[in-house]
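Letter by letter, the chains look like this.
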Amino acid sequence: MHIKWLGIVASVLTLGVVGASIARADVLDDVKKRGTLVVGTKADYRPFGYLDPSGKIIGFEPDLAADVAKRLGVKLELVPVVASNRIQFLQQGKIDLMIATMSDTPERRKTVDIVDPDYYASGTNVLAKKSEGLKSWDQLKGKKVCLIQGSFYNKELQEKYGVEGVAFPGTAEAYAALRNGNCVAFAYDDTAITGEMLKPEWSAYEMPLDSILPQPWGLAVKSGEKSFADFMSKTVTDWHKTGFIQQLEQKHAIKATKFAQDMMSKYK
Amino acid sequence: MQVVWEWFRWLHQTTGINLTIFYDAFDRSRFASGLWMTVKLSVTCIVLSVVIGIAGAWVQRSRLRLARSVVHWYIQAFRNTPPLVQLYFFYFGLGSLLRTPGGSPWVTNVAWAIISLSFFAGAFNVEIFRSGIEAVPRTTVEAAEALGFSRLQTYLRIVFPLAFRISLPALNNNLVNLVKTTTLAYAIAVPEMLYVSSQVWSDELNVPEMMNVLLVAYFALVGVLVYGMHRWERALRVPGFGT
Amino acid sequence: MSDDARVSGSVLPGPAPWPVLLPAAAILTHEAMSARGAGASTWRLEREHGFALLAVFLLGCGIAQAQSGAGYPSIVETLWKWTPLLARGFVFNLAISVLAMAVGTIAGFFLGFAQISLLLPVKRGAWLTTHFFRNAPWLVLLFYCMFLLPFQVTILGVRIPIPDWTKATLGLALPVMANVSEIVRGAIQSIPTAQWESAASLAFNRRQTLWRIIVPQCVKRMLPPWMNLYAILTMATVLASIVGVSEMMTQTQRALSAESRPGLLLAFYSYVLIWFFAYCYPIARLTVRLESRYAVNQ
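Just so we're clear, the structure is a prediction, and the values are computed from it rather than from any experiment.

**Q** Help me understand the pattern of salt bridges in this model?
**A** Counting across every chain of the model gives 17 salt bridges over all chains. A salt bridge links A:Lys160 to A:Glu156; the shortest N-O distance between them is 3.5 Å. Here B:Glu134 and B:Arg130 are joined by a salt bridge, their closest N and O atoms 3.3 Å apart. With B:Glu134 and B:Arg130 both in helix H6 (residues 109-134) and four residues apart, the pair spans about one turn of that helix. By relative accessible area, which is 48% here, B:Glu134 ends up partly exposed.

The following block contains the structure:
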């Protein structure tokens, strides 16, 4: 009796494994068949992706995602991701498309398909107290700098610039730590810092240094999804051509970036 | 030593198992410092929480009702709230209040982690020592009184040594939990093993390998502690008491 | 009469153990009094705890209000605005804790029985599994399950999604399973051998002895540590926030970054503390009461 039960369990599991390997369909077809596009965006990175009190994710990137869903003629479902799990989610197929403030680096291109052209760009800069009097990156050597866990610039800042990194899981903690004086400066994307500095409580803080490591941001699809990648490539080109990116910058009070202007003139 | 590191590089090139913490010098030093920080945190918190437990068990038997209720409130508050939230509360909440006039914080994040975790484990230790103290027969205490020991002397020389031996198994359990709870310090950027490992796996994209390394490392660390405590238990065993 | 008896008001000559067996009623009276003295709290202490937490919470709000400038809505308004979202997160925490407890208890029972098995490989395997999962930090096990379990399985062509919180539940069920296994083993081993011998003399086989005689006696002994484990598990569910599950802690962090006002941290985290305290403290009280009721006279 026990052997019979074991046999049933074994056969179910084997079929399951076999079934999993058979189900290799195209993501774009899947999305159209399902009628829903699942996009991974940040939910704790204002203004690019954050929550409103009802729990809905809003911001720059959800707006981009909504446009993609509109073009495909499907519904949109947003899944909150963080830097440490966005690539895994895409690889596992949990999300179809990832628009999550991810910098386009060669290492990341090995793991997922990053769509060309890039949709946005930012550099790394710091938010620091005016009283610190920071003028150059060398002054940060050996000093405590707040970071976000999983950011691509963490390694370079610590290795090359000799910074003592204090990495937090989220931006709320990092901003709080900066305010409490647990670190001298907070290294983050300059676009986010300019947005944050508009708030009155940061009046004693500045972004004094030159942005380093200018990195374009890429949105990504799963490795090997050629038809979806081509579709997204056309979409992003269209966004630049029509100035959609700049419209969204204005809508979300983000300082107009040179990157967006350059891309618009390139694709006009 | 270089031969060993190079073997891991060969392992990566042939099998794809990427253990950069062995063959990459930067990652190697990072991981070593993380491991050392975990050991430091664990040892400091163990010592402090036992001290808090002893003091708390003493105050619990005080004649002042205020003292007793303070200890009782402390235990209930720290036992019924999540340690992660306690940590956040200390570091971000209290940390924002305790600042020098210049604006820099008084207490570092490592210090807050030690304080928070010691108080958390200390609350459990007070209860453990209390039940140990209650298991000491009253006749022993009366005999000490008859011999002219003061209350403090009775506690330090008679009651507590016996109570300690009786509560050693439960204390052992709690200290093992404490070592495991040190991973929470990751959330306030204390560079302990889990924090360092997460940095390594987000840089090198070798999540499964680092996970396995972490499991093995903690298994080994806790195993050492359990073995040591077991030996200590056997050495301190009181004949006629317990199993 | 000794000091102790005068204080406790009974006619018993001092605390247990007494050299002779006394009538049950006297024993029960004494037990109740010692339970009251030993830590089952009185009404007054309970209210003090609530007041203390409320005081911390109001202090936090006060500080936050002072730190924030004019033109911002008040702290209480902000908290109230985000409460529905936080409440949904808290329900997640409770769901994860209940499910992880259920799965872990069932698995732990079987593992506990395996630990006392007469077959040596089974016994060793069970011992190794139990100690492996007891030694591993809960956060690492959680990370392991989140990253290395697939996000969906396909059985017989049917795609079954495994959402994040399910993976977190499985990740938390593993240490629960190990702890329950230890509780079960400890309880079974605390039953006097005489019970096993009597059962053997009455021709019960091993399985019958376990299920009909030993386990019913064990259930009472297992209840207090099991409830203690549930309280610890409920508080451990906030760990799921570190791996991205949308439970109460994550929602709090997201609300804080959407608000991005200074000084809100203390108010929000005190709020979260109060919610957990309100849930866990009654369980702790119930556990103490059960412990004193089911305490075994040894």
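Let's pick the thread back up.
**Q** I keep staring at the packing of helix H10 (residues 207-235) of chain B against helix H5 (residues 120-135) of chain C and nothing clicks. Help me out?
**A** For any two helices packed against each other, one specifies the inter-axial angle together with the distance between the axes. Orientation of H10(B) relative to H5(C), taken along the N-to-C sense of each, is 100°, at an axis distance of 9 Å. Considering the angle they form, H10(B) stands roughly perpendicular to H5(C). Along its contact with H10(B), which presents B:Leu215, B:Tyr218, B:Phe219, B:Val222 and B:Gly223, the element H5(C) presents C:His131, C:Phe132 and C:Asn135. For the contact of H10(B) with H5(C), the per-class residue count stands at five nonpolar, three polar and no charged.

**Q** Before we go on, may I ask you to explain the state of the cysteines in this structure?
**A** One way to say it: the disulfide is the covalent bond shared by the sulfur atoms of two cysteines. Residues and elements named next belong to chain A. As enumerated under the stated definition, the model contains one disulfide over all chains in all. The disulfide partner of Cys146 is Cys183, and the S-S distance across this bridge is 2.0 Å. Where Cys146 bonds to Cys183 through sulfur, the torsion about that S-S bond is close to -95°, and the disulfide is left-handed. Highlighted residues: Cys146 in strand E9 (residues 144-148) and Cys183 in the loop between helix H7 (171-180) and strand E11 (185-189), separated in sequence by 37 residues.

**Q** Whenever I open this one, empty space enclosed by the protein confuses me. Can you help?
**A** Think of a ball as big as a water molecule: rolled over the atoms, this probe shows where empty space is left. In this structure the tally under the stated criterion is four cavities of 30 Å³ or more. Lining the largest cavity are 43 residues, with A:Asp44, A:Val82, A:Ala83, A:Ile148 and A:Pro169 positioned closest to its centre. Listed by contribution, the elements that provide at least two residues to the lining of the largest cavity are strand E2 (44-45), strand E5 (75-81), H7 and E11 of chain A, helix H5 (83-97) and helix H9 (193-204) of chain B together with helix H10 (248-259) of chain C. If one sorts the elements of the lining of the largest cavity by residue count, H10(C) sits on top with four residues. Residues that form the lining of the largest cavity fall into these classes: 20 nonpolar, 16 polar and seven charged. Considering the residues around the second largest cavity, the lining is formed by 11 residues, among which A:Asn85, A:Phe89, C:Met146, C:Phe147 and C:Val243 are closest to the centre. For the lining of the second largest cavity, the secondary structure elements donating two or more residues are helix H4 (86-92) of chain A together with helix H6 (138-148) of chain C. Grouping the amino acids of the lining of the second largest cavity by side-chain chemistry returns seven nonpolar, four polar and no charged.

**Q** Even after reading the chapter, I still don't get the sheet that holds strand E4 (residues 57-58) of chain A, so can you show me in this structure?
**A** Within a sheet, each strand pairs with its neighbour through backbone hydrogen bonds, oriented either parallel or antiparallel. All names here are of chain A. With antiparallel pairing, the three strands of this open sheet are ordered in space as E2-E3-E4. With one partner strand each, in any of the chains shown, E2 and E4 form the two edges of the open sheet. Strand direction decides the pairing type here: E2 and strand E3 (residues 49-51), joined by two bridges, are antiparallel. Counterpart to Tyr45 in the pairing with E3 is Gly49.

**Q** Explain the packing of aromatic side chains to me, please; I cannot follow it from the model alone.
**A** One pair of aromatic rings is described through two measures. These are the centre distance and the angle between the planes. Counted under the stated rule, the structure contains 46 aromatic pairs over all chains. Between the aromatic rings of A:Tyr175 and A:Trp202, the centroid separation amounts to 5.5 Å while the plane-to-plane angle is 55°, which identifies the pairing as tilted. Remark: A:Trp202 occurs in the loop between helix H8 (190-197) and strand E12 (205-206) and A:Tyr175 occurs in helix H7; sequence separation between them is 27 residues. Take A:Tyr175: its relative accessible area is 11%, and that puts it in the buried class. A relative accessible area of 3% means that A:Trp202 is categorised as buried. Centroid distance C:Phe90 to C:Tyr279: 6.2 Å. Interplanar angle 85°. Geometry classified as edge-to-face. Of this pair, C:Phe90 sits in helix H4 (residues 75-115) while C:Tyr279 sits in helix H11 (residues 264-294); the two residues are 189 residues apart in sequence, bridging distant segments of the chain. Residue classification places C:Tyr279 among the partly exposed positions, given a relative accessible area of 24%. Over the aromatic face of A:Phe89 sits the side chain of A:Lys94, whose NZ or CZ is 4.2 Å from the ring centroid.

**Q** Mind showing me how you'd approach the nonpolar core here?
**A** Grouped burial of nonpolar side chains is what soluble globular proteins tend to show. Of all hydrophobic cores here, the largest spans 220 residues; its most connected members are A:Tyr119, A:Leu140 and C:Phe143. Filtering out sequence-adjacent residues up to four positions away, A:Leu140 remains in contact with A:Val126, A:Leu134, A:Val145, A:Gly162, A:Val163, A:Val184, A:Ala185 and A:Leu209. Core analysis: the second largest hydrophobic core is formed by 13 residues, A:Ile87, A:Leu90, A:Val112 and A:Ile114 among them.

**Q** Even after reading the chapter, I still don't get the interface of chain C and chain B, so can you show me in this structure?
**A** How big an interface is tends to be stated in terms of the accessible area lost upon association of its parts. The partner chain B presents 40 residues to the 45 residues of chain C that form the contact. Surface buried jointly by chain C and chain B totals about 4100 Å² across both partners, of which 75% is contributed by carbon and sulfur atoms. Summed over the three residues of chain C that lose the most area to chain B, namely C:Asn135, C:Met235 and C:Leu273, the buried surface amounts to 15% of that side. Taken together, the connections running from chain C to chain B amount to zero salt bridges. At the surface where chain C touches chain B, the tally comes to three residue pairs in polar contact (both at pLDDT 80 or more).

**Q** Is there a simple way to explain the sheet that holds strand E7 (residues 113-114) of chain A in this structure?
**A** Residues and elements named next belong to chain A. In space, the five strands of this open sheet follow the order E5-E1-E6-E14-E7, with mixed pairing throughout. On the outer flanks of this sheet lie E5 and E7, each paired with one strand and no other. Sheet analysis places strand E6 (residues 97-98) next to strand E14 (residues 220-221), joined by two bridges and oriented antiparallel. Directly across from Met98, in E14, lies its bridge partner Ala220.

**Q** Sorry, what's going on with the interface of chain A and chain B here?
**A** In this complex, chain A contributes 20 residues to the contact, which on the side of chain B involves 23 residues. For the pair chain A and chain B, the summed buried surface comes to about 1800 Å²; carbon and sulfur atoms form 51% of the total. Ranking the residues of chain A by area buried against chain B places A:Gln149, A:Lys155 and A:Asn180 at the top, with a combined share of 29%. Remark: the boundary between chain A and chain B carries one salt bridge. In this structure, B:Glu204 engages A:Lys155 in a salt bridge whose closest nitrogen and oxygen atoms are separated by 3.0 Å. Viewed at the interface, chain B and chain A are joined by six residue pairs in polar contact (both at pLDDT 80 or more). Of all the secondary-structure elements, those providing two or more residues to the side of chain A that touches chain B are helix H5 (106-111), helix H6 (153-159), strand E10 (164-168) and H7 of chain A. With five residues, the single largest contributor to the side of chain A that touches chain B is H7(A). When its residues are assigned to classes, the side of chain A that touches chain B shows six nonpolar, nine polar and five charged.

**Q** I'm lost on the pairing of E11(A) in this one. Help?
**A** Both faces of the sheet carry side chains from a regular strand, because those side chains alternate between them. Residue and element names in this part refer to chain A. For E11, the tally of buried residues reaches five of five residues, placing the bulk of the element in the interior. Here strand E8 (residues 120-129) pairs with E11 via five bridges, running antiparallel. Of the residues in E11, the one forming a bridge with Leu127 is Phe186. Bridge count between E9 and E11: two bridges; the pairing is parallel.

**Q** Teacher, can you tell me more about the packing of H10(B) against H6(C) here?
**A** Where H10(B) contacts H6(C), the axes come no closer than 10 Å and their chain directions differ by 155°. The orientation of H10(B) relative to H6(C) falls into the category roughly antiparallel. H6(C) is crossed by H10(B), and the crossing has left-handed handedness. Where H10(B) abuts H6(C), its residues B:Val207, B:Pro208, B:Met211, B:Asn212, B:Leu214, B:Leu215 and B:Tyr218 lie against C:Val140, C:Leu141, C:Phe143, C:Tyr144, C:Phe147 and C:Leu148.

**Q** What exactly am I supposed to notice about unusual backbone geometry here?
**A** One can expect most non-glycine residues to show negative phi and most peptide bonds to be in trans. In this structure, the amide linkage connecting A:Asp116 to the following residue, A:Pro117, adopts the cis form with an omega of 0°. Mapping A:Pro117 onto the fold places it in the loop between E7 and E8. Backbone geometry places B:Ala189, a non-glycine residue, at a positive phi of 60°. A positive phi angle, near 70°, is found at C:Ala203, a position not held by glycine. Its location among the elements puts C:Ala203 in the loop between helix H8 (193-201) and helix H9 (206-236).

Conventions used here
- Residues numbered from 1 in each chain as written.
- Chains lettered and ligands numbered in written order.
- Predicted model: local features only at pLDDT ≥ 70, side-chain atom pairs only at ≥ 80, totals over all residues.
- Heavy atoms only, no water.
- Salt bridge = Lys/Arg side-chain N within 4 Å of Asp/Glu carboxyl O.
- Helix = DSSP H or I, 4+ residues; strand = E, 2+ residues; numbered from the N terminus.
- Buried < 20%, exposed > 50% of the residue type's maximum accessible area, 1.4 Å probe, protein only.
- Axes fitted to C-alpha atoms, helices over the stretch in contact; angles between N-to-C directions.
- Parallel < 35°, antiparallel > 145°, perpendicular 65-115°, else oblique.
- Contact = heavy atoms within 4.5 Å.
- Nonpolar A, V, L, I, M, F, W, Y, C, P; charged D, E, K, R; others polar.
- Disulfide = S-S within 2.5 Å.
- 1 Å grid on protein atoms, 1.4 Å probe; cavity = no way out; pocket = protein on both sides within 12 Å on 5 of 7 lines; lining within 4 Å.
- Points joined across faces, edges and corners; volume = space filled by probe spheres on them.
- Pairing = 2+ DSSP bridges.
- Phe/Tyr/Trp six-rings, centres within 6.5 Å; stacked < 30°, edge-to-face > 60°.
- Lys NZ or Arg CZ within 6 Å of the ring centre and 35° of its normal.
- Core = buried A, V, L, I, M, F, W, Y, C linked by side-chain atoms within 4.5 Å.
- Buried area = accessible area lost by both parts, 1.4 Å probe.
- Polar contact = N/O pair within 3.5 Å; in protein donor to acceptor, adjacent residues only side chain to side chain.
- Left-handed = near helix turned anticlockwise from the far one by under 90°.

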